[in-house]
Every structure is written in structure tokens, then in C-alpha cells.
Amino acid sequence: MASLPAFAQNPQAFLAAVGKDPRMIVHDAVTGVVETPVQLLREHLLTPKELLFVRNNQLPPGSLTLSPFPATDWELELSGLVAPAMTVSFSDLAGIEQSEVVAVLQCAGNGRAFYSQTAMAKGTQWQRGGMGQIRWKGVRLKQLLDSSGLMVDEDARFLTAEGRDSPASSDDDDYEQSVPLADVLETALLATHMNGEPIPAIHGGPLRLVLPGYYGSMNVKWVSRLRFEKEASRSRHHAQRYRTFRERIEPGSQPEARAETTHPTWRQKIKSVIWNPVNDERRLVGPLTVSGVSWNDGRTEIVAVEISLDGGNTWQRVNVEAPLSPYGWHPWNVTFWYGWKRYLDGGGTAMEFRVRAFDALGRSQPDDGAVHWNPSGYEWFGVDSVKISLH
Ligand SMILES: Nc1nc2c(c(=O)[nH]1)N[C@H]1C(S)=C(S)[C@@H](COP(=O)(O)O)O[C@H]1N2
Ligand SMILES: [Mo]
């Protein structure tokens, strides 16, 4: 790359320049890839902008900041199998009925580091903090189509979103993603606000496609064009990256990602994260509260969250609180007042908590998440495990 900004050499300076909390974990200070430490994530039910993870493949000039992106001349083009093709200005959107949705924004690579305990999975080694919960506001795609009198041809099977960012090198494909149109038509939001403020530039302002229930990768930032098409995008980012294998594959193997053998990282898998205590934390012997969150793709309820203190032999239910939205975190907690000391590792001081969730479709999390190992380490949703020591 030509000339890097000075702060790219220095994670601390990078965070200061962008406006993020100085305690964030910097994975890449050039394009901006930053993870939230779990201790900070658990402090808020709506993740503040200073603490929200960042994942950029590439980015538009001037967008490495928490300040809003200038919206004055922003336009969104609607093209393909839609009639009439149309361009909407940012100010047009303000005149259309507004909607809000709370949703988990999670990178498809969140948890990749846990696959790497079995065999290295290529990419940023995210642990638990490649996610946050956000309240988005904007115009529903359906509302925009209806209020503008647009007709989508029934041959249109995919919605492809293009961002205004461009590839880091001229021989790379642009970042764009396709999702099944019928599945998102009612829920897709053209978001202008994040937690009550204009979307910060680094998070895709002034306009971002928000797809509740879908992995972060599909939530295209700086969205400038929506294409309604028969086929999905051929961009490398959609056709070769952000895909998992339909069949189980051998950890460490590198099969080619072909359309017939893989699936895009679309709807989020059911998942749980223990955020209190955190791994390797030392705790005093005494009453012990364990808490965290579970969520799924929002299509059906989470019906139970269970914890095991004995390596998965026996499980008990924890208290699950109502989520802010079906697409949101379901906070849970359990307090052990007595009796748990017998689970101390061989009379020692180490203790492990394992947590899994179930939804009304009977979906749950594998005991060993590595059964879904894939070369790029996407969609980790194994039973979460945290070990602490007591003294
Ligand atoms: N235009 C554009 N949109 C994008 C990306 C990108 O590189 N360019 N990255 C995607 C990925 S992989 C993720 S995980 C989320 C991250 O959103 P955030 O940076 O606001 O946390 O944005 C998605 N949308
Ligand atoms: Mo991502």
C-alpha cells in the first residue's frame, strides 16, 4: 500500500484518531478492524459507538471516524429487475415513514479464534467481541418501494447491495453482498441512525443496509446501490468469501469454495456468549453469578439457556430475560449460592462453565463447535466455555 497514515503504526494512536475507546483490541490499524473486550461489552445492552467493533475490508476516504459522514449529496440507486429504476436522495428518505429495529450486529468471523484451537482458520482471530447490539432507525426497504410505487419483477431472487467504498487494490473486486430477496423484503432497513444518532462514518453512515438476523458481513455500509437480480453477486467477496461448507469438512483441509458446496454467511446461527465471569478471571470463593447473552436469527424464540458445571454431563436452566427485539440479545444469568465447590477441578481451584441455548425450532449449539470447522473460520456457534480460578 502507498503511504500509510502515521497512526496506522500505533494501535493506541489509531483508536484515538478514530474516536474509539482506548481499551479496544486493534486487529488491523490500516483499514480498521477493532474488537470489543468482553468486560466492556457486558456493561451496556445497546453497544455505544465508542465500544462497537469495526470490520472494514476497504473504506471510503475520510470515513475512519465516529463523526457522521456528510450526507448532503448521498444518493441511493435502485436498479435491475425493478420498475422504474430510480435514484433516491438522502433527504427523500427523511420524508418516508421511519422504523426502528434492535438487532445483534455480529461479524461472521466472530469466534474464529476458537476454531484455531483445532486447526488454524485464516483471518482476524476474533474471540467474543466481534459483535454488539444496536438500535437502528431508518426506512424499511418495503416502505420505500411501496411509497415510491416501485414494482419488483418476480424473477428477482436476490438483493445485492453495493457500498461506496472501493477496493484497496485495482485488481480486487468491490465489496458487495447478495441476500435472498423474499427473505429480507419485510425486514431490510435502510438505516440512517444508530442508537439515536446519525450513523458514524466508520459504521457505514450516512446510509447502511441493515438486515436483522443476518451476519454483519451482509449489512453493507455506505450503501449506494441496491440491485434486484435473478442471480447473486459474482464479486469475490460474495462468491468466494463469506461462505461456509454445506457438508462437514476435515479441520485443516482447504477445499475449494464452489457455489454448489457452500452457503453464504446469511442468517446467524443460534449462539451464546458468557460475559461474566470472563476467561481466566480470578474469583473469591462465595456466591457466584454467571451471566451472558444468547441469540439466534430472530425467526423463532429462544426457549431455554442451560449451563453445565461438570464439562457437559449435566445441565441446568438459567433465567432468561426478555430481549429488546426478536433479533436481539437474550440476557441470562444464574447465581450459585452453594454446592458448586464440588465442581472444582480435581480438588483444585479451576472451574469451567459451559453454556448453550435452544430455540423453538429445536436448534442448539454443538458441544464441540469445531465440527463445523471451515478454512475461513466463519459462523462459530459452539457451546461457550469459560474457565476461571477461585481463591
Ligand atoms: N461497504 C462495506 N460494508 C461492509 C463491510 C465492508 O468492508 N464494506 N464489512 C462488512 C463486515 S465483514 C462486517 S462484520 C460489518 C462490520 O460492521 P461495523 O464495522 O459497523 O461493526 O460490516 C460489513 N459491511
Ligand atoms: Mo465480518
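Our subject is the structure that appears above.
None of the values given here were measured: they were computed from a predicted structure. (Residues numbered from 1 in each chain as written. Chains lettered and ligands numbered in written order. Predicted model: local features only at pLDDT ≥ 70, side-chain atom pairs only at ≥ 80, totals over all residues. Heavy atoms only, no water.)

Visitor: How would you summarise the site of ligand 1 if you had to cite specific residues and measurements?
Guide: Every one of the 20 residues lining ligand 1 counts as a neighbour, but Phe53, Asp165, His203, Arg208 and Lys221 are closest to it. Residue Asn57 places a main-chain N or O atom 2.8 Å away from an oxygen atom belonging to ligand 1. In the model, a nitrogen atom of ligand 1 is placed 2.6 Å from a nitrogen or oxygen of the Asp165 side chain. Notes on ligand 1: free accessible area 530 Å², of which the protein chains cover 100%. Here the shell around ligand 1 is composed, by residue class, of eight nonpolar, eight polar and four charged. (Near = heavy atom within 4 Å. Polar contact = N/O pair within 3.5 Å; in protein donor to acceptor, adjacent residues only side chain to side chain. Areas by Shrake-Rupley, 256 points an atom, 1.4 Å probe, with all protein chains shown as cover. Nonpolar A, V, L, I, M, F, W, Y, C, P; charged D, E, K, R; others polar.)

Visitor: Any chance you could break down the sheet that holds strand E20 (residues 288-295) for me, citing the residues and the numbers?
Guide: Spatially, E18-E20-E24-E23 is the arrangement adopted by the four strands of the open sheet, whose pairing is antiparallel. Each end of this open sheet is capped by a strand with a single partner; those strands are strand E18 (271-276) and strand E23 (319-320). Examined bridge by bridge, E18 and E20 share five bridges and lie antiparallel to one another. The partner of Asn276 across the bridge, within E20, is Ser291. (Pairing = 2+ DSSP bridges. Helix = DSSP H or I, 4+ residues; strand = E, 2+ residues; numbered from the N terminus.)

Visitor: Break down unusual backbone geometry for me, with residues and values.
Guide: Across the junction of Gly205 and Pro206, the peptide omega takes the value 5°, indicating a cis bond. In this structure, Pro206 sits in the loop between strand E13 (197-198) and strand E14 (208-210). Omega for the peptide link from Asn276 to Pro277 comes to -5°, which places this bond in the cis form. Notably, Asn195 is not glycine yet its phi reads approximately 50°, a positive angle. Assignment of secondary structure puts Asn195 in the loop between strand E12 (189-194) and E13. Residues other than glycine seldom take positive phi values, yet Trp222 does so here, at roughly 50°.

Visitor: Explain the sheet that holds strand E3 (residues 54-55) to me, using residue names and the numbers behind them.
Guide: In spatial order, the strands read E1-E2-E3; together these three strands make up an open sheet with antiparallel pairing. Strands with a single pairing partner mark the edges of an open sheet, and in this sheet they are strand E1 (25-28) and E3. Pairing between strand E2 (residues 33-35) and E3: two bridges, direction antiparallel. From the neighbouring strand, Val33 faces E3, where its bridge partner is Arg55. Helix H1 (residues 11-18) rests against E1 and E2 of the sheet, and its axis sits at about 100° to E1. (Contact = heavy atoms within 4.5 Å. Axes fitted to C-alpha atoms, helices over the stretch in contact; angles between N-to-C directions.)

Visitor: Describe the pairing of strand E26 (residues 384-390), naming the residues involved and giving the relevant values.
Guide: Counting buried residues along E26, five of its seven residues qualify, which places the element largely inside the surrounding structure. Where strand E19 (residues 282-283) lies against E26, two bridges are found, and the strand directions are parallel. Looking across to E26, one finds that Arg282 is bridged to Ser389. Examined bridge by bridge, strand E25 (residues 350-359) and E26 share six bridges and lie antiparallel to one another. The partner of Glu352 across the bridge, within E26, is Lys387. (Buried < 20%, exposed > 50% of the residue type's maximum accessible area, 1.4 Å probe, protein only.)

Visitor: Kindly report on the packing of aromatic side chains, identifying the contributing residues and their values.
Guide: Any aromatic ring pair is given by two values, namely how distant the centres are and how the planes are angled relative to each other. Counted according to the given criterion, the structure contains eight aromatic pairs. Aromatic side chains Tyr115 and Trp380 sit 4.9 Å apart centroid to centroid with 90° between the ring planes, which places their arrangement in the edge-to-face category. In this pair, Tyr115 sits in helix H4 (residues 112-115) while Trp380 sits in the loop between E25 and E26, placing the two residues 265 residues apart along the sequence. Residue Trp380 is classed as buried on the basis of its relative accessible area of 10%. Look at Phe158 and Trp266: their rings are 6.4 Å apart centre to centre, the planes differ by 40°, and that puts the pair in the tilted class. (Phe/Tyr/Trp six-rings, centres within 6.5 Å; stacked < 30°, edge-to-face > 60°.)

Visitor: Residue-level account of H1, with values.
Guide: Those residues of H1 that fall on the buried side of the exposure criterion are Phe14, Leu15 and Val18. Take H1 and look down its axis: the buried residues cluster within an arc of 95°, on one side only. At its buried positions, H1 is contacted by E1 and E2. Where H1 starts, the residue carrying a side-chain oxygen 3.0 Å from the main-chain nitrogen of Gln12 turns out to be Asn10. (Arc of directions from axis to C-beta.)

Visitor: Hey, could you go over the nonpolar core for me, with residue numbers and the actual values?
Guide: Leu78, Leu144, Leu159, Leu190, Leu226 and Phe228 are the most contacted members of the largest nonpolar core, which has 39 residues in total. Not counting residues within four places of it along the chain, the set of residues in contact with Leu144 comprises Leu76, Leu78, Val88, Leu93, Ile96, Val139 and Leu190. Grouped together as the second largest cluster of nonpolar side chains are 22 residues, Leu288, Val318, Phe381 and Ile388 included. (Core = buried A, V, L, I, M, F, W, Y, C linked by side-chain atoms within 4.5 Å.)

Visitor: How would you sum up the pattern of salt bridges? Please name residues and give values.
Guide: Counting across every chain of the model gives 22 salt bridges. A salt bridge links Arg23 to Asp21, with the shortest nitrogen-to-oxygen separation between them at 2.8 Å. You can call Asp21 buried: its relative accessible area is 13%. Notably, a salt bridge pairs Lys49 with Glu50, separated by 3.9 Å at the nearest N-O pair. Residue Glu50 is classed as partly exposed on the basis of its relative accessible area of 32%. Linked by salt bridges that have partners in common, Glu77, Glu162, Glu176, Arg225, Arg227 and Glu229 make up one network. (Salt bridge = Lys/Arg side-chain N within 4 Å of Asp/Glu carboxyl O.)

Visitor: Any chance you could break down the side chain of Ser235 for me, citing the residues and the numbers?
Guide: Position of Ser235 relative to the elements: it lies in the loop between strand E15 (223-229) and helix H7 (236-239). Given a relative accessible area of 7%, Ser235 falls into the buried group. Residues in contact with Ser235, not counting those within four places in the same chain, are Asp173, Asp174, Glu176 and Gln240.

Visitor: Can you lay out the environment of Ala350 for me, pointing to particular residues and giving the numbers?
Guide: Tracing the backbone through its elements, the reader meets Ala350 in strand E25. Distance from Ala350 to Leu390, taken between C-alpha atoms, is 6.4 Å for residues 40 residues apart in sequence. Non-local contacts of Ala350, meaning those with residues more than four positions away in its chain, are made with Tyr343, Leu344, Asp345, Ile388 and Ser389.

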